[in-house]
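# A closer look at the structure
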Amino acid sequence: MWAGAAANAAPPAVVDNSATVTPALQAAVAGSWRDPANVRRDPYRHPAQTLAFFGVQPTQTVLEITPGGGWYAEILAPYLRQRGHYIAAVVDPLAVAEGGGRDYQQRSRQSLEKKFAGNAALYDRSTVVAYDPAAPVFGAPGSADVVLTFRNVHNWRSAGQAEGMFAGFFRVLKPGGTLGVVEHRATADVPADDKSGYVGQAQVIAMAEAAGFKLAAQSGINANPRDTKDYPNGVWTLPPSNRHEPAEADRYQAIGESDRMTLRFVKPAH
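What this report covers is the structure whose coordinates are included nearby. Every value quoted in this text rests on a predicted model; they were computed, and no experiment measured them.

Now for the layout of surface pockets. Reported here for the largest pocket is a volume of approximately 1,100 Å³. If you list the elements that add at least two residues to the lining of the largest pocket, you get β1 (61-65), β2 (85-91), α6 (100-117) and α8 (153-158). In terms of residue count, α6 provides more of the lining of the largest pocket than any other element does, 4 residues in total. Across the lining of the largest pocket, the residue classes tally to 18 nonpolar, 15 polar and 5 charged.

Strand order across the open sheet formed by 7 strands is β3-β2-β1-β4-β5-β7-β6, with mixed pairing between neighbours. Only two strands of the sheet have a single neighbouring strand rather than two, namely β3 (127-131) and β6 (214-219). Each adjacent strand pair in this sheet contributes to an overall mean axis angle of 20°, direction not counted. Where β1 lies against β2, 5 bridges are found, and the strand directions are parallel. The residue of β2 that forms the bridge with L63 is I87. Helix α4 (residues 47-54) contacts β4 (144-150), β5 (173-184), β6 and β7 (260-266) of the sheet and is inclined by roughly 25° relative to β7. Helix α9 (residues 162-172) contacts β1, β3, β4 and β5 of the sheet and is inclined by roughly 145° relative to β5.

Turning to the side chain of E183, a few remarks are in order. Take E183: it is sitting in strand β5. Of the side chains with opposite charge, R151 lies nearest to the buried E183, which makes no salt bridge, at 6.4 Å. Of the polar contacts made by the side chain of E183, one reaches the backbone nitrogen of V153; its length is 2.9 Å. If near-sequence neighbours (up to four positions away) are discounted, E183 is found in contact with R151, N152, V153, H154, G197, V199, D259, R260 and M261.

The rules behind the values
Residues numbered from 1 in each chain as written. Predicted model: local features only at pLDDT ≥ 70, side-chain atom pairs only at ≥ 80, totals over all residues. Heavy atoms only, no water. 1 Å grid on protein atoms, 1.4 Å probe; cavity = no way out; pocket = protein on both sides within 12 Å on 5 of 7 lines; lining within 4 Å. Points joined across faces, edges and corners; volume = space filled by probe spheres on them. Helix = DSSP H or I, 4+ residues; strand = E, 2+ residues; numbered from the N terminus. Nonpolar A, V, L, I, M, F, W, Y, C, P; charged D, E, K, R; others polar. Pairing = 2+ DSSP bridges. Axes fitted to C-alpha atoms, helices over the stretch in contact; angles between N-to-C directions. Contact = heavy atoms within 4.5 Å. Buried < 20%, exposed > 50% of the residue type's maximum accessible area, 1.4 Å probe, protein only. Lys, Arg positive; Asp, Glu negative; His and termini not counted. Salt bridge = Lys/Arg side-chain N within 4 Å of Asp/Glu carboxyl O. Polar contact = N/O pair within 3.5 Å; in protein donor to acceptor, adjacent residues only side chain to side chain.

Geometric values such as these leave the question of function open.
Structure below.
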């Protein structure tokens with residue numbers, strides 16, 4: 001069930017969380033090739049239901065922004081391999097000032113490329129593209145069916161890059177294309193320089209709409225009402241980062257991973 005909303009209307013009601021998961025998508029999530037450590041996070045990240053909610057189809061060109069270690073790549077690359085195309089967009093290390101930031105981005109890119117090179121049966125048809133976060137270009141205009149980003153918006157806001165990133169998503173998507181966003185959800189709006197890792201849901205919606213997107217639907221599949229969002233080390237206090245005292249492990253494990261918004265936007269067809 002999809003809930004729609006006009007740009008200036010109240011946010012749509014939470015979508016029914018039982019989005020239909022196809023056998024092909026379930027098979028990709030259940031793949032034996034997935035890292036067991038990644039599989040253990042499925043109860044928090046709900047990959048099958050999340051991708052079903054975003055409407056990802058095996059015939060589409062899907063662009064994932066900064067995929068990190070490839071958590072979703074392990075699912076999307078084989079799911080799209082035969083009839084679609086998985087593209088991982090990573091930060092170009094040379095676009096980052098020399099130093100620790102550049103070194104981090106270089107290691108991240110090399111790690112992902114090593115993962116892809118190590119299993120051609122899964123990743124031989126996948127592509128890695130590099131972008132400058134200060135002036136992002138993710139591909140030819142109108143070349144992607146779906147853009148996905150998981151828990152990245154807080155980083156772009158703190159770096160002053162969010163506006164340009166959302167504009168880049170809009171350019172690369174085909175008319176009628178989908179932008180899927182999962183992000184740590186703050187209780188209310190937060191300053192751009194907030195260090196908690198959380199972002200207000202209304203703020204994310206406003207950023208997307210400013211770039212030209214329309215909010216199509218939202219889902220509660222990745223919500224976590226146990227998350228009080230008031231920890232000494234922000235969202236990183238919770239699993240999987242677990243930046244807390246060892247004695248508090250049981251407390252934070254009982255909370256689980258963060259409360260997350262799951263938003264589906266569409267680029268208008270006209």
